[in-house]
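Read off the chains here:
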Amino acid sequence: MAADSVLKVIFELEGVFIHPSPDEGGPDQDLLLSGSLRILEKDAEVLVDYRPLEDSVDPSNMLCAGQDSSSVVEWAQSPRDKSQSHQLLETQQSYETEWDMVNAVSFRKKPCANGEGSLSHSQGRSHWAFTISVSDLRSVTVKDEGWTFIILKLKEPSTSLPALHFHQGGSREFLDSLRRFALLTESPDDEMCLLVSTPNKALSQSFENLLDDNNFGLIHKFRRDPYVSTFVGLSKVTNYLFDALRGAEEQQHRPPEEVADLLGEVIPGLEINQQEEPGFEVITRIDLGVRPQVSRGEPLTADEWIRHHDAEGRLQGVEQLRNKIFKGGVCHAVRKEVWKFLLGFSPWSSTSEDRKSLQKAKTDEYFRMKLQWKSMSEEQESRNSKLRDYRSLIEKDVDRTDRTNPFYEGLNNPTLTLLHDILMTYCMYDFDLGYVQGMSDLLSPILFVIESEDDAFWCFVSFMDQMHQNFEEQMQGMKTQLVQLSTLLRLLDLAFWNYLESQESGYLYFCFRWLLIRFKRELSFQDVLRLWEVMWTGLPCQNFHLLVCCAILDSEKQKIMEENYGFNEILKHINELSMKLNVEEILQKAEGLYLQIRSCKDLPRSVSTILGLDSDCPCSDPATEHGSAAAPRPARRQEFCSNGLCRDNRPPNSCRAEFT
């Protein structure tokens, strides 16, 4: 109980002024009251607290900048504070549009005491001190008179608060901190007025664990640019959006279709279809039988790889090779060569001479595309805003992609230049898509393994052919996969799915990051290499990565249900699994889930379609190794796609995988 009473300071800013007028009881209309503005958290309640300092400020002692910001702004300072002014000026930059500070402000005053609770005008305390709950706020009005001042209005109209003047700046930081606990939306009647919608108390308790300090203002950024913000924050911010939209005062749940509409408005491109997808039936409880026990194998060795080549360098026993890779992965010594086949850069039926000719042609093509942006003058680029935006985003992402990996660590690492150049060249290859945040995470392991700029580019192109719809503007690939994942989970564990649905987690948005970049941020770097090469075999079915998701959820369902986790706790728990997962255990369980589904006699057609288990499915099946019955499979497979979302209309240079 004692821990619940701890007062936590979320935001604090001194030098926030009140301009009292005589009719408001101000002591002197020529004096300004300076004070400290704070956002506090206590007992799961978020408070806005303002406490005037004992002394007032005479405006005749200061000079204010005009519209042109050319005049010097000075505030009276104590001698001992002057030494701190220059240092503060280095770090403090006002976000107000027409106010430049030359000297920082400090005062030799002690804050007045003030009690906790609601708005306070008690005797013996400053007339202007107040403490209010964020949940009592109705609106925040932001105005500009050469500096920014903010008017807080309460839901109780009989109570008014003084305007807060930010002469030194800091209003933007205050609003960003406030947005962590309330949804601020522009009023349709007044663009300067922000309407306040607050989440419930459970959100206030858990929000600190969901967003770190680097993500302040994430919601605001997300609404302006969902693609820049989606990658780092969407799975974490879903909770905030949902609870904020629901509102603290609304105790009953909104209808699902209303929640879907609201989420669709806040998150562009994430419309939720409440109707069953075409061809998807409602799944009732189905007896899947006992889940088969599965064992993993050893990685494909260099000797085994060499033995599968004939005299001309053509691969023999391709299906056997793919099964070997699916069961155990690839030893690192031959990854560079094997990945080119798995990703479709090197055709399985090609000879050594064929691959040399192909590589030469692709190298020439790559550097021609690279020259297109390399040779562009600054004047040309100044007229190409899209390319400038791509370059800016790539430079930011490259600088923070896998920098703890020895391959990418250190200043002036030349590998970072390769990462940058490949992504820039991809913008020329697919200019409509260009660059979207998250693509650097997909390229990083490929460049690490391939160690060749041009070869890595074409392998990345092939991977992006599979992942393309994840990054398209409408995010159709993500929406489709979330629906498919929900369908599979309903079949595999209806009780768990019903529990998630009861906790308003049925949309499975906490799996968003898993799907967007294929578990890149959930596993260690080496485990990512293993997982990707297994999935690139196309075995044992299409959309195997969805069964990987189900395997992870299956391992965590007991804790989630026994601890009676709600929406907030589920989201927090899933996010904290990052770097704690064992890839071999996950793959073992995912294959077991597949075999369990595969043996079901009355499999819903929706599930058969998702996993490609229809009679015309082109996927090979390793289930026969474990004694499970397998339907006949075509002898020849033209091409594969690990997620079932490959584009039908590929660019003419796209790599395809062919099997014989």
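Residues numbered from 1 in each chain as written. Predicted model: local features only at pLDDT ≥ 70, side-chain atom pairs only at ≥ 80, totals over all residues. Heavy atoms only, no water.

Visitor: Quick one: what's the story with the environment of Tyr426, residue by residue and with numbers?
Guide: Here Tyr426 shows up in helix H13 (residues 414-429). Note: C-alpha distance between Tyr426 and Phe460 (34 residues apart in sequence) is 8.8 Å. Apart from the residues lying within four places of it in its own chain, the contact partners of Tyr426 are Leu433, Gly434, Met439, Phe457, Phe460, Val461, Met464 and His468. (Helix = DSSP H or I, 4+ residues; strand = E, 2+ residues; numbered from the N terminus. Contact = heavy atoms within 4.5 Å.)

Visitor: Can you break down the nonpolar core residue by residue, with the values?
Guide: Counting residues in hydrophobic clusters, the biggest one holds 120 residues, and the most contacted among them are Ile446, Phe471 and Leu547. Each of two domains, domain 3 (331-470) and domain 4 (476-611), supplies a minimum of three residues to this core. Non-local contacts of Phe471, meaning those with residues more than four positions away in its chain, are made with Leu433, Val436, Gln437, Gly438, Met439, Leu442, Met464, Leu516 and Ile517. Judged by nonpolar contacts, the second largest core, of 30 residues, contains Leu37, Leu164, Leu175 and Val196. (Core = buried A, V, L, I, M, F, W, Y, C linked by side-chain atoms within 4.5 Å. Buried < 20%, exposed > 50% of the residue type's maximum accessible area, 1.4 Å probe, protein only. Domains from an automatic or database assignment.)

Visitor: Which residues make up the state of the cysteines, and what values go with them?
Guide: For the coordinates displayed, the defined rule picks out 0 disulfides. This cysteine, Cys511, is not joined by any disulfide, and Cys549 carries the nearest cysteine sulfur, 5.4 Å off. For Cys511, a relative accessible area of 0% puts it in the buried group. Judged by relative accessible area, which is 0%, Cys549 ranks as buried. (Disulfide = S-S within 2.5 Å.)

Visitor: I'd like to hear about the pairing of strand S2 (residues 32-42), residue by residue, with values.
Guide: The buried count for S2 comes to 10 of 11 residues, which makes it a mostly enclosed element. Sheet analysis places strand S1 (residues 8-18) next to S2, joined by 9 bridges and oriented antiparallel. Bridge pairing in S2 places Glu12 opposite Arg38. (Pairing = 2+ DSSP bridges.)

Visitor: Mind laying out the packing of helix H16 (residues 476-492) against helix H17 (residues 494-502), listing which residues take part and the relevant values?
Guide: Axis separation between H16 and H17 bottoms out at 5 Å; the angle between their running directions is 125°. By the criterion of interaxial angle, the relationship of H16 to H17 is oblique. Contacts between H16 and H17 involve Ser486, Leu489, Arg490 and Leu492 from the first element and Leu494, Phe496, Trp497 and Leu500 from the second. For the contact of H16 with H17, the per-class residue count stands at 6 nonpolar, 1 polar and 1 charged. (Axes fitted to C-alpha atoms, helices over the stretch in contact; angles between N-to-C directions. Parallel < 35°, antiparallel > 145°, perpendicular 65-115°, else oblique. Nonpolar A, V, L, I, M, F, W, Y, C, P; charged D, E, K, R; others polar.)

Visitor: Describe the pattern of salt bridges, naming the residues involved and giving the relevant values.
Guide: If you walk through the whole model with that rule in mind, you get 32 salt bridges. Here Arg530 and Glu533 are joined by a salt bridge, their closest N and O atoms 2.9 Å apart. Taken together, the residues span about one helical turn, with Arg530 and Glu533 both in helix H19 (residues 525-535) at a distance of 3 residues. Comparing Arg530 with Glu533 shows no difference in burial state: the two are buried. Among the ionic pairs, Lys572 bridges to Glu576, the shortest N-O distance being 2.8 Å. Judged by relative accessible area, Lys572 falls into the partly exposed class, the value being 23%. Here the salt bridges share partners, and the residues they tie into one network are Arg291, Asp493, Asp554, Lys557 and Lys589. (Salt bridge = Lys/Arg side-chain N within 4 Å of Asp/Glu carboxyl O.)

Visitor: Summarise unusual backbone geometry; cite the residues concerned and give the values.
Guide: Between Leu539 and Pro540 the backbone carries a cis peptide bond, its omega angle lying at -5°. Along the polypeptide, Pro540 turns up in the loop between H19 and helix H20 (544-562). Positive phi outside glycine occurs at Asp402, with the angle close to 50°. Looking at where Asp402 falls in the secondary structure, it is placed in the loop between helix H12 (385-398) and H13.

Visitor: Give me the lowdown on the environment of Val294, citing residues and values where you can.
Guide: With respect to the helices and strands, the residue Val294 is situated in the loop between helix H6 (256-266) and helix H7 (302-307). Apart from the residues within four sequence positions on either side, Val294 is in contact with Lys327, Gln588, Glu591, Gly592 and Leu595.

Visitor: Provide a residue-level description of the packing of aromatic side chains, including the pertinent values.
Guide: Geometry of an aromatic ring pair is reported as the spacing of the ring centres plus the angle between the planes. Under the counting rule described, the total for this entry stands at 23 aromatic pairs. The interplanar angle of 50° and the centroid separation of 4.9 Å between the aromatic rings of Tyr366 and Phe457 together place this pair among those described as tilted. Highlighted residues: Tyr366 in helix H10 (residues 352-374) and Phe457 in helix H15 (residues 453-471), separated in sequence by 91 residues. The buried category is assigned to Tyr366, whose relative accessible area is 0%. Assessed through its relative accessible area of 0%, Phe457 is described here as buried. (Phe/Tyr/Trp six-rings, centres within 6.5 Å; stacked < 30°, edge-to-face > 60°.)

Visitor: Before we move on, can you summarise helix H14 (residues 439-450) with the specific residues and values?
Guide: For H14, built from 12 residues, the straight-helix expectation of 16 Å at 1.5 Å per residue is met to within 8% by its first-to-last C-alpha distance of 17 Å. Where H14 is concerned, the buried positions are Met439, Ser440, Asp441, Leu442, Leu443, Ser444, Pro445, Ile446, Leu447, Phe448, Val449 and Ile450. Just downstream of H14, Glu451 is the residue with a positive phi angle, here 60°. (Expected span 1.5 Å × (residues − 1).)

Visitor: Lay out the confidence of the model for the protein in plain terms, naming residues and giving numbers.
Guide: Across the protein, the average pLDDT comes to 76, with 66% of residues at or above 70. Here residues 200-254 is modelled with pLDDT under 50, and outside its nearest four sequence neighbours on either side it reaches 121 contacts, counting other chains as well. Taken together, the stretch residues 648-660 has pLDDT below 50 and engages in 36 contacts with residues farther than four places along the chain or on a different chain. (pLDDT = per-residue confidence, 0-100.)

Visitor: Got a sec to walk through the side chain of Ser346? Specific residues and values, please.
Guide: Here Ser346 shows up in the loop between helix H9 (335-342) and H10. Beyond its immediate stretch of four places on either side in the chain, Ser346 contacts Lys340, Phe341 and Arg355.

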